[in-house]
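Here are the chains, one letter per residue:
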Amino acid sequence: MIYLSQLLGNPVLDSEGEKIGTVSDLGIATGEVFPRITSLAFMGPGRTPFMISWRKFVDTYDEREVRLKVVATDLRFSYLQPDEVLLARDILNKQIVDTHGMRVVRVNDLKLSDTSSTQLRLLGAEVGVRGLLRSLHPALERLALRLARAFGHPMPEKIIAWSYMDLVERDLSNVKLSVSHKTLDDMHPADIADIIERLDPRLRGQVFAQLDDEQRAGAMAEFDDDAMAVELMGGMNETDASRMLSEMDPDDAAELVSELDYDKAEKLLRLMGVKEQRAVRQLLGYREGTAGRIMTSEVAALPESSTVGDAVALLRGLDEDFESVRYVYLTDDEGRLAGTVSLMSLLVSDPQAPLADLATEDLVTASPEDDQEDVAEDIAKYNLLAMPVVADDGKLLGIVTVDDALDVLEEEHAEDLRVAGGSADGEDSGHASTLIWLVRRNVWVLLWAAGTMALTLLSGGSASLPLALAASLPLAVALVLADDSISYVTNFFLENDPDDEDSPSMLGFAFKGLGIGVVLGALAAFVVVVLARVVLTAAQGAGGAGASALGDALVAGGVAAAACALLSFALTPLYLLVLRRRDAANKETSGFTLTVVAMLVALAVYVAVTLALAGPAGLVGAGW
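Presented here is an overview of the structure given in this document. (Residues numbered from 1 in each chain as written. Predicted model: local features only at pLDDT ≥ 70, side-chain atom pairs only at ≥ 80, totals over all residues. Heavy atoms only, no water.)

1. Brief notes about the overall build of the protein
Along its length, the protein carries 27 helices and 19 strands. Relative to its full complement of 624 residues, the protein shows a buried share of 44%. The long-range share in the protein, meaning contacts at least 24 apart out of those at least 6 apart in sequence, stands at 64%. Total accessible area computed for the protein in this model is approximately 31500 Å², and 55% of it derives from carbon and sulfur atoms. (Helix = DSSP H or I, 4+ residues; strand = E, 2+ residues; numbered from the N terminus. Buried < 20%, exposed > 50% of the residue type's maximum accessible area, 1.4 Å probe, protein only. Contact = heavy atoms within 4.5 Å. Areas by Shrake-Rupley, 256 points an atom, 1.4 Å probe, with all protein chains shown as cover.)

2. Comments concerning unusual backbone geometry
With a phi close to 55°, Arg 47 is a non-glycine residue in the positive phi region. Relative to the elements of secondary structure, Arg 47 occurs in the loop between strand 4 (37-43) and strand 5 (49-53). For Arg 47, a relative accessible area of 67% corresponds to the exposed category.

3. Quick look at the side chain of Ser 349
Within the secondary structure layout, Ser 349 lies in the loop between helix 16 (343-348) and helix 17 (355-358). Among the polar contacts listed, one links the side chain of Ser 349 to the backbone oxygen of Ser 345, at a separation of 2.5 Å. For Ser 349, the residues in contact, after removing those within four places along its chain, are Val 308 and Leu 358. (Polar contact = N/O pair within 3.5 Å; in protein donor to acceptor, adjacent residues only side chain to side chain.)

4. Description of the pattern of salt bridges
Scanning the entire structure with this criterion turns up 14 salt bridges. Notably, a salt bridge pairs Glu 65 with Arg 67, separated by 3.5 Å at the nearest N-O pair. Taking the shortest distance from any N to any O, the salt bridge between Arg 336 and Glu 334 comes out at 2.3 Å. Taken together, the shared-partner salt bridges connect Asp 109, Arg 130, Arg 134 and Glu 141 into one network. (Salt bridge = Lys/Arg side-chain N within 4 Å of Asp/Glu carboxyl O.)

5. A closer look at the packing of helix 12 (residues 262-271) against helix 13 (residues 274-284)
Between helix 12 and helix 13, the shortest axis-to-axis distance is 9 Å and the interhelical angle comes to 145°. Only Gln 277, Val 280, Arg 281 and Leu 284 of helix 13 make contact with helix 12, whose side of the interface consists of Glu 266, Leu 269 and Arg 270. Class assignment for the residues of the contact of helix 12 with helix 13 results in three nonpolar, one polar and three charged. (Axes fitted to C-alpha atoms, helices over the stretch in contact; angles between N-to-C directions. Nonpolar A, V, L, I, M, F, W, Y, C, P; charged D, E, K, R; others polar.)

6. Considering the packing of aromatic side chains
Inspection of every chain in the model, using the stated rule, returns eight aromatic pairs. Considering the side-chain rings of Trp 54 and Tyr 61, the 5.6 Å spacing of their centres and the 55° angle between planes classify their relative orientation as tilted. With 6.4 Å between their ring centres and 45° between their planes, Phe 208 and Phe 223 make a pair best called tilted. A residue pair is termed long-range when its members are at least 10 positions apart, and Phe 208 in helix 7 (residues 201-208) and Phe 223 in the loop between helix 8 (213-222) and helix 9 (226-234) qualify at 15 residues. As far as the burial class goes, Phe 208 and Phe 223 line up, both buried. In textbook terms, an aromatic cluster arises when at least three aromatic residues are bridged by ring pairs, as seen for Tyr 488, Phe 492, Phe 509 and Phe 569. (Phe/Tyr/Trp six-rings, centres within 6.5 Å; stacked < 30°, edge-to-face > 60°.)

7. Some points on the layout of surface pockets
Put simply, the second largest pocket is a space of about 400 Å³. Around the second largest pocket, the lining is made up of 19 residues, and of these Pro 250, Lys 275, Glu 276, Ala 279 and Glu 298 lie nearest the centre. Taken together, the elements giving at least two residues each to the lining of the second largest pocket come down to helix 10 (238-247), helix 11 (250-257) and helix 13. Residue contributions to the lining of the second largest pocket peak at six residues, all from helix 13. (1 Å grid on protein atoms, 1.4 Å probe; cavity = no way out; pocket = protein on both sides within 12 Å on 5 of 7 lines; lining within 4 Å. Points joined across faces, edges and corners; volume = space filled by probe spheres on them.)

8. Digging into a negative patch on the surface
Taken together, the side chains of Glu 222, Asp 224, Asp 225, Asp 226, Glu 231, Glu 255, Glu 259, Glu 288, Asp 403, Asp 407, Glu 410 and Glu 411 define an acidic patch exposed on the protein surface. Counting residues per element, the negative patch draws most heavily on helix 19 (residues 402-420), at four residues. Checked against the element boundaries, Glu 410 lands in helix 19. For Glu 410, a relative accessible area of 51% corresponds to the exposed category. (Patch = residues over 30% accessible without salt bridge, like charges linked within 9 Å, V, L, I, M, F, W, Y side chains within 5 Å. Lys, Arg positive; Asp, Glu negative; His and termini not counted. Charge placed at Lys NZ, Arg CZ, Asp CG, Glu CD.)

9. Digging into the sheet that holds strand 16 (residues 327-331)
For sheets, the rule is that strands pair by backbone hydrogen bonds, running either parallel or antiparallel. A sheet is described by the order of its strands in space; here three strands give the open sequence 15-16-17, paired in mixed fashion. Every interior strand has two partners, whereas the edge strands, strand 15 (301-303) and strand 17 (337-342), have only one. On average, adjacent strands in this sheet sit at an angle of 30° to one another, irrespective of strand direction. In this structure, strand 15 lies alongside strand 16, joined through three bridges in parallel fashion. (Pairing = 2+ DSSP bridges.)

Interpretation note: all reported values are geometric properties and have no functional meaning in isolation.
Structure (C-alpha cells):
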C-alpha cells in the first residue's frame, strides 16, 4: 500500500536515470469500482506542467521516485479525459460526502493499492488525523503512532472507500461520476439535509441545485436551521422556489414562508397553484407556536353515512404525496367531526360495513389556538398517530401528525437544554466538543483566575500577592453560588408556566430567592470567618509575620462572598423576567450566557467589596 502524499514531490526519472521533473498529481478513471491510475502529471523544467499515460510510460514507483520506461525524448504527452479527475487537485484537502456514514468529511490523504508491479488503484480517502500528519511529514505520523501505542490508545486509519464517496467540489455537469454506488439522489431527505448542513456555505447551493423538486422539498422540510433554508431558497429563481413549495406539505411550506420577508413570500405564494396557496395561507393565519400553525389540512374525511368500501376507494384515489394517512375522519352534514376509523379497522372489516359502526367517538381533539407543545404532549400521552384540530363549532380543520409532534418536542427539548446551559446539538463526540463542554462546566475557574489577577493588581502588585490570593479564596464560593442562582432560575422557568393558575407568583419567587440568598450568604460568611480564625491562630502560634493582615483579607473575602450570594439570588426575578419575555417573543436564551452574566456581576461586586474592606492600603500597609 502507498499513499498519494508519499508520491507527490518525488523525482520523475527517465529510463536512463535522468531527472525530468517532480510528481505533481495522479489522474484516475472515475467509472470503476476501484479506479485505476491512468495519468501521471509532473512538473518539468521551468515549472512546465506535463501529463503522460501511466500504463504506457511508468515502469516502477516507490516512496522515493517514479521511473519511466523510455527516455525523455520518446515521451508522448496526453490530456485529461472527460471521465477522469486529478487526485491532488480535485479530491485532496476537499470536502466529500461519505454516503455510507451520511456525513461530510475532508480528505487528508488518499490510499492506493498496487495490484501489480506498475498498476495502481485508488482504494479510498483517509479522513483521520493520521492522513493529516502524514501529509505534513511522515515522521509526524510515526511519532504520533508511537505515542498512541505507549499510552495504550491505538490510532487506526479512517478510510472511506471510493464506492462510498461523492465529490461535491467539482462541476459535476462536466465530470460525470458513473461509479455504481449510492449518491445523494438515492438518499433519504433527512440524510440529504444533514449533509447539506455540514457543507461549507459556498457548496450548499451547488449540491442543493443537483436535486429535483421533490428531493428539494423533502430536504427543505428536514433542515434544522431556518436561516439556512431561507438562504438556499434565496439562491433559487422564483419559479423554481414556488414549485418546490407546492411539493412540500402545507405545514412545512407555511413554516418556511413565514421566515421570508413579506414581498418575497407574496410573490412565491402567487406563483403557487390555487389549492396549495389556499392551504398555506390558511395555516399562516394562525399564530406561531399554535396547533393551527403545525397542522395539515390534508385529511382523509368522509360523511358518517359512508361504508368501508367508500373509505377504501377514497384512499386508493389519494395522490402519492398526500400527507401520511393514519385515520379516516367522519363528519356530519354540517362538517363537524363525528368520529374516526383506524386503517386496521378498515382492513379487517367487510366492505359493506357502515363506518359509523366502526368509528371511535370518544375523541381527543385540539383547538387551532392551543399551544403546539401541549398538543404534542397529548399525542404522546394518548399514543395517537394524529390528533384532529377542530374549530369552536366542532368543524374539522386539519390534523397534527405524530411526526410534527415529535419535531415540536425535539425543539422544546433543545430549547430547554440551551436554557439549562446544556448542549442541544447532540454532537458530543470529538476533542473540540469535549473542550467546549469543559469550559462551559468550569467557566467559574477562568473567572476566579481573572478575579485573583485583578485583586493582585488593584491591591499593590506582587508585594501583596499572598494577601490577594487569600482574599480570592472566598471568590470561588461567590462564583459557584452565582451559578447556583441561575440554576434556580432556569429550573423554575422550565417547571412553571406563567399562564398556569397554580404556578407560584413572581413575588413569591422573589421572596424565596432572597431567603435562599440570605441563608447561603450567611453560611458562606460563617465558614470563611471560621477559616480565618483558624489560620490566624495557627499563624500567631508559629510566630508568622503578617498573620493579622491574612485574617483581615479572609474576613473581607467572606463578607464579600456573602454580599455576592445575597445579590445573585436577589437578581433572580430579573433573570426570570428576561427568560419569560424572550420566550414570549419566540427568542432563544442561553443558560450559559445567563450564568456568565451572573458570575461577572458577582466578580465585580466581590472585588469592589473586598477592596473597600481590606483596601490597597490595608493589604500593602499590613507589612506582609
